[in-house]
Amino acid sequence: MKVGFIGLGVMGKSMAINILNSGHKLKVYDVIEESMIELKEKGAEIGDSTADTCEGCDVIMTSLPNSKIVEEVILGKNGVLEGAEKGSIIVDLSSITPKVIQNIYEKCADKGIEVIDAPVSGGAKGAEEGTLTIMVGGKAEVLEKVKPILECIGKKINYVGQIGAGDTVKLINNLLLGVNMVACAEALALGTKAGIKPDVLYEIISQSSGSSYALKAKYENFISQGNFEPGFMIDLQYKDLELAISTAKDLNAPMFMGNIAQQIFETARAEGLGKKDISAVINLYEKWLNISVRK
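Residue numbers here run from 1 along each chain, matching the order of that chain's written sequence. Where local features are concerned, this predicted model is filtered to residues with pLDDT of at least 70; where side-chain atom pairs are given and counted, the filter is 80 or more; whole-chain, interface and lining totals use all residues. The side-chain values count all of the structure's non-hydrogen atoms but skip hydrogen atoms and water molecules.

### Things to note about the packing of helix H13 (residues 256-270) against helix H14 (residues 282-289)
Here is the rule we go by: Interaxial angles span 0 to 180 degrees and are taken between N-to-C directions of axes, which are lines fitted to C-alpha atoms, for helices over the stretch in contact. The secondary structure listing takes helices from DSSP runs of H or I that are at least 4 residues long and strands from runs of E that are at least 2 residues long, numbered from the N terminus. Roughly parallel means an angle under 35 degrees; roughly antiparallel means over 145; roughly perpendicular covers 65 to 115; every other angle is labelled oblique. Residue contacts are counted whenever heavy atoms from the two residues lie within 4.5 Å of one another. Basically, the charged four are Asp, Glu, Lys and Arg, the nonpolar ten are Ala, Val, Leu, Ile, Met, Phe, Trp, Tyr, Cys and Pro, and anything else, Gly included, counts as polar.
Interaxial distance between H13 and H14 falls to 9 Å at its minimum, and their mutual angle equals 80°. Overall, the two elements H13 and H14 adopt an arrangement that is roughly perpendicular. Of the residues in H14, those touching H13 at Ile 264, Thr 267 and Ala 268 are Leu 284, Tyr 285 and Trp 288. Here the residues of the contact of H13 with H14 sort into five nonpolar, one polar and no charged.

### Things to note about a nonpolar patch on the surface
Spelled out, the test is: Only residues whose relative accessible area exceeds 30% and that form no salt bridge enter a patch; like-charged residues are grouped when within 9 Å of one another, and nonpolar side chains (Val, Leu, Ile, Met, Phe, Trp, Tyr) when within 5 Å. Surface exposure here means Shrake-Rupley accessible area, sampled with a 1.4 Å probe, where a residue is shielded only by the protein chains that are shown. Every case where a carboxyl oxygen of Asp or Glu lies within 4 Å of a side-chain nitrogen of Lys or Arg is listed as a salt bridge. Accessibility here uses a 1.4 Å probe with only protein chains present; expressed as a share of the type maximum, an area under 20% marks a residue as buried, one over 50% as exposed, and anything in between as partly exposed.
Where nonpolar side chains cluster on the molecular surface, the patch consists of Ile 196, Val 200 and Ile 204 and spans about 240 Å² of accessible area. With respect to the helices and strands, Ile 196 occurs in the loop between helix H9 (165-193) and helix H10 (198-205). Taking relative accessible area as the criterion, Ile 196 reaches 39% and is therefore assigned partly exposed.

### Side note on the nonpolar core
Worth spelling out the cut-off: Take the buried residues of types Ala, Val, Leu, Ile, Met, Phe, Trp, Tyr and Cys, join any two whose side-chain atoms come within 4.5 Å, and each joined set is a nonpolar core.
Phe 5, Leu 26, Met 61, Val 91, Leu 93 and Leu 150 are the most contacted members of the largest nonpolar core, which has 54 residues in total. In this view, Leu 150 contacts Met 61, Val 91, Leu 93, Ile 134, Val 136, Leu 143 and Ile 157; residues no more than four positions away in its chain are not counted. Counting residues in each nonpolar core, the second largest holds 38 residues, with Ala 189, Ile 223, Ile 234 and Ala 261 among its members.

### Section: the pairing of strand S5 (residues 89-92)
This is how the line gets drawn: At least two DSSP bridges between two strands are required for those strands to pair. With the strands pointing away from the viewer, any crossover whose connection runs clockwise from the first strand over the helix to the second is right-handed.
Residues Ile 89 and Val 91 of S5 are buried on one face, and the alternating residues Ile 90 and Asp 92, pointing to the opposite face, are buried as well. With four bridges joining them, strand S4 (residues 59-62) and S5 adopt parallel strand pairing. Opposite Ile 60, over in S5, you have Ile 90 as the bridge partner. The parallel pair S5 and strand S6 (residues 114-117) is bridged by helix H6 (residues 98-109), and the resulting crossover is right-handed.

### Overview of the pattern of salt bridges
With the rule as written, the count across this model stands at 15 salt bridges. Glu 144 is the partner of Lys 147 in a salt bridge, and the nearest nitrogen-oxygen pair spans 3.9 Å. Residue Lys 147 and its partner Glu 144 are both found in helix H8 (residues 140-150); the two are separated by three residues, about one turn of the helix. In this structure, Lys 218 and Asp 277 form a salt bridge, with 2.9 Å as the shortest nitrogen-oxygen distance. In this pair, Lys 218 sits in helix H11 (residues 213-223) while Asp 277 sits in the loop between H13 and H14, placing the two residues 59 residues apart along the sequence. Residue classification places Asp 277 among the buried residues on the basis of a relative accessible area of 0%. Counted as one network, the salt bridges with shared partners bring together Lys 2, Lys 27, Glu 45 and Asp 52.

And the structure:
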């Protein structure tokens, strides 16, 4: 099976390498030439453009930063839709709004091209190790066709419903992550300000009802060490919260916690922390309370 892969960022490059290492023919494209050269050295073919990358491919995968870029890359001039052949399948691995992928699905259907949304969770480490969790929306029979490719990059492949359902589940998951991360930072800061050692707080809370993935994943290796290299960047978390808030507006659903969490991450971005790990929101509370939440 020949795969076209567009978008060789932190996540995309690792996923593309795993697909290549699994024995599939791979043709790649990215706006950053260095990323393509690295894949070429590993045995991948390089596309001259987005459209060229799709020619002759059974499956075209996209891993891109946001909804606008995904829409432009797939539907725009010299894009995926121009180069993809009838009967091929587009698998979007990005985290975008359900509304955008549904629009892409409708436009591609007119040309006889199938589309599924398959956002991933597991971060850079999961992408590198091929252990991502994948949430798939679209036709179940289309998922079965591309499953051998998805199994190269993920260990848990979940079919969650029709087109857009994968992106919906992903944005809800990341909404919870963002809210939980802010709550963890606030709680750890309050406890430290009150005179409790951060390690004592972590040891007890991580085994009690206040525990969460955010606490366990981000305290020991990030906050307690003062290590805020991503991980999962604040800029990306902010973007994912925007996806949730935008979708909530479309559904006329209130989003109290999501909006508050986004404001905290927006404050962190204003403080120059956008490229740091999401756990770096603790730096805001440390500054406000004049404390240090460290080991």
